[in-house]
Amino acid sequence: MKVAIFYFSATGVTHQIAQEIQNNLQIQDSNDPIIVNMFNILYPSVQAKSVIFSDYDVCFFGFPVYAGRLPRIAEEWFLKQKGESCPCAMFFTYGGRLLENANQVTYHLLTRANFRPILSAEFLGRHSFNVAKGWKLCEDRPNAEDFHIAREFSQKAIELIRNPEVHFQINMDDFHYTPAVLSTSTQRSAFHPSRFGEGCSMCRQCEIECPVNAMNADTGEVHLATCLQCMHCVSICPDHVLKIDDVTEKFPNFMNRWHLTSEIVAKKQSLFYSSYPEKKMLLASENQHRNNTIHFFGEKI
Ligand SMILES: Cc1cc2nc3c(=O)[nH]c(=O)nc-3n(C[C@H](O)[C@H](O)[C@H](O)COP(=O)(O)O)c2cc1C
């Protein structure tokens, strides 16, 4: 069996989940060994590659949630793909706030490109903005439990592609897809990376690896309209001179605005499901939830 995992990962969380899925599938002891190829579409060279999806038995698509949807470049990448009815499972990583429309946007893009979605999952991960002084969300995620869910999710996806009776439901009522647009900001925000101080060795890695070609290594500034604020350049800078602002004062406002406390965030769990959002069917952590009314493909477990 051939499996591909296409994902976008700027600060490593989505990559960690993708890797757990890959490792879990590759160790399956079966007569039909599973070969898993991974592609991080953060890299411009990977974005440019044309993919023949009919070469794969199933694909996984994994994205960090950015402002309740996908990184803009991931949406643009999808618009160029032809799914050829390839079954696929989607997963999201998020920094403890919300998924909002990420499921609907991805479902729309997948079905439009002729993929066949079968399962979805969400995983807690340390927030990309933790690179800033004063921002602390999900610092210890993904943890062992999140990885456990990732293994169960990958297992379930393989089981489901062999089952033609899969009923995958995303509620698309009142959802209208509007393409992601470039930012109109003309002023640098606290979350735009910038070079601070001396010490840049001019390795240009930030410029080379920027997923949207927004970084100018000569000036140490990003193009404000195109920068995704994904924090990739900040997290890979070997000289630690690329930074975003100290957001110590902004962080409490953010937490209040979204009604979050560290206790609320710590209680959030990774899950996978075949229906979203109002009948979120929990297919994982079954032991923990056995006493709740949770349905497994319509049957009580
Ligand atoms: C620009 C931007 C917007 C984000 N928006 C959200 C959000 O709406 N909800 C949320 O919970 N996390 C949000 N996050 C946090 C990321 O989804 C999370 O940290 C993710 O796991 C990072 O994945 P990566 O390390 O693979 O890049 C955002 C991060 C960035 C950079």
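In what follows, the structure referred to is the one given above.
Quick summary incoming for the structure in this document. Since the structure is predicted, the reported quantities are computational estimates derived from the model, not experimental observations.

## Re the pairing of strand β4 (residues 87-94)
Argument step 1. Burial runs high along β4: eight of the eight residues are buried.
Argument step 2. Here β4 shows a buried face lined by P87, A89, F91 and T93 and a second buried face lined by C88, M90, F92 and Y94.
Argument step 3. As judged from the six bridges shared by strand β3 (residues 58-64) and β4, these two strands associate in the parallel manner. Across the sheet, F61 pairs through a bridge with M90, a residue of β4.
Argument step 4. You can see the chain leave β3, run along helix α3 (residues 72-78) and come back into β4, and the turn it takes is right-handed.
Argument step 5. Note that β4 and strand β5 (residues 116-124) share eight bridges and pair parallel. Residue pairing in the sheet places F92 in a bridge with E122 of β5.
Argument step 6. Handedness of the β4-helix α4 (residues 102-112)-β5 crossover: right-handed.

## Quick look at the packing of aromatic side chains
Argument step 1. On inspection of all chains with the given rule, the structure shows 25 aromatic pairs.
Argument step 2. Here Y107 and F168 contribute two aromatic rings whose centre-to-centre distance is 6.0 Å and whose plane-to-plane angle is 35 degrees, an arrangement assigned as tilted. Separated by 61 residues along the polypeptide, Y107 in helix α4 and F168 in the loop between α5 (144-161) and β6 (169-170) bring together distant segments of the chain.
Argument step 3. Under the relative-accessibility criterion, F168 is labelled buried at 11%.
Argument step 4. Aromatic rings pair up to connect F6, F39, F53, F61, F63, W77, F78 and F115 into one cluster.

## Overview of the nonpolar core
Argument step 1. Counting residues in hydrophobic clusters, the biggest one holds 100 residues, and the most contacted among them are F8, F60, F61, F91 and F153.
Argument step 2. With eight residues, α5 is the single largest residue contributor to this core.
Argument step 3. Other than its neighbours up to four places away in sequence, F153 contacts I21, F60, A89, M90, F91, L119, S120, A121, F123 and F272.

## Observations regarding unusual backbone geometry
Argument step 1. Residue P142 is reached from R141 by a cis peptide bond, and omega for that bond is -5 degrees.
Argument step 2. Phi angles above zero are rare outside glycine, and H240 is one such case at about 55 degrees.
Argument step 3. Positionally, H240 belongs in the loop between α7 (232-236) and β10 (242-243).
Argument step 4. H240 gets classed as exposed once you look at its relative accessible area, which sits at 57%.

## Focus: the site of the ligand
Argument step 1. Around the ligand, the surrounding shell holds 24 residues, and the nearest of these are S9, T11, T14, V65 and R97.
Argument step 2. V65 places a polar main-chain atom, nitrogen or oxygen, 2.7 Å from an oxygen atom of the ligand.
Argument step 3. A distance of 2.7 Å separates an oxygen atom of the ligand from a polar atom in the side chain of R97.
Argument step 4. In isolation the ligand has 650 Å² of accessible area, and contact with the protein removes 95% of it.
Argument step 5. Mapped onto the shell around the ligand, the elements with two or more residues apiece are α1 (13-26) and β4.

## Looking at α4
Argument step 1. Of all eleven residues in α4, eight are buried, a share of seventy percent or more.
Argument step 2. Residues of α4 that are buried: A102, N103, Q104, V105, T106, Y107, L109 and L110.
Argument step 3. Once α4 finishes, N114 follows within two positions and takes phi at roughly 70 degrees, a positive value.

## Description of the side chain of S194
Argument step 1. Among the structural elements, S194 can be located in strand β7 (residues 194-195).
Argument step 2. A polar contact of 3.0 Å, which involves the side chain of S194, links it to the side chain of E221.
Argument step 3. Apart from the residues within four sequence positions on either side, S194 is in contact with R188, G220, E221, V241, L242 and K243.

## Looking at the sheet that holds β4
Neighbouring strands of a sheet are bound in pairs by backbone hydrogen bonds; such pairs are parallel or else antiparallel.
Argument step 1. With mixed pairing, the six strands of this open sheet are ordered in space as β2-β1-β3-β4-β5-β11. Bordering the open sheet on either side are β2 (35-40) and β11 (271-273), each of which pairs with just one other strand. Taking the axes of each pair of neighbouring strands and ignoring which way they run, one obtains an average angle of 15 degrees across the sheet.
Argument step 2. Strand contacts of α4: β3, β4, β5 and β11, with the helix running at about 150 degrees to β4, the strand carrying the most contacts.

The rules behind these values
The residue count restarts for each chain, going from 1 along the sequence in the order it is written. Only residues with pLDDT of 70 or above have their local features reported here, since the model is predicted, and side-chain atom pairs are shown and tallied only from 80 upward, although totals for entire chains, interfaces and linings are computed over all residues. For side-chain calculations, the full set of non-hydrogen atoms in the structure is used, while hydrogens and water are omitted. Burial here depends on accessible area, computed with a 1.4 Å probe over protein chains only, as a share of the maximum for the residue type. Under 20% is buried, over 50% is exposed, and the range in between is partly exposed. Helical segments are the DSSP runs of H or I of at least four residues, strand segments are the runs of E of at least two, and each set is numbered from the N terminus. In this scheme, strands are said to pair when DSSP sees at least two bridges between them. By convention, orient the strands away from the viewer: a clockwise path from the first strand over the helix to the second makes the crossover right-handed. Between the rings of Phe, Tyr and Trp (Trp by its six-membered ring), a pair exists once the centres lie within 6.5 Å; its type follows the angle of the planes, with under 30 degrees stacked, over 60 edge-to-face, and the other angles tilted. The term nonpolar core refers to a set of buried residues drawn from Ala, Val, Leu, Ile, Met, Phe, Trp, Tyr and Cys, joined through side-chain atoms within 4.5 Å. Contacts are assigned to residue pairs with any non-hydrogen atoms lying within 4.5 Å of each other. Think of it this way: one heavy atom of a residue within 4 Å of a molecule or strand is enough to make that residue near it. Counted as a polar contact is a pair of N or O atoms within 3.5 Å, where, for protein atoms, one must be capable of donating a hydrogen and the other of accepting one, and residues adjacent in sequence contribute only when both atoms are in side chains. Per-residue and other accessible areas follow the Shrake-Rupley method at a 1.4 Å probe size, with only the shown protein chains counted as cover for residues. Angles here are taken between N-to-C directions and fall from 0 to 180 degrees, while the axes themselves are lines fitted to C-alpha atoms, restricted in helices to the stretch in contact.

Remember, this is a structural readout, not a statement about activity or role.
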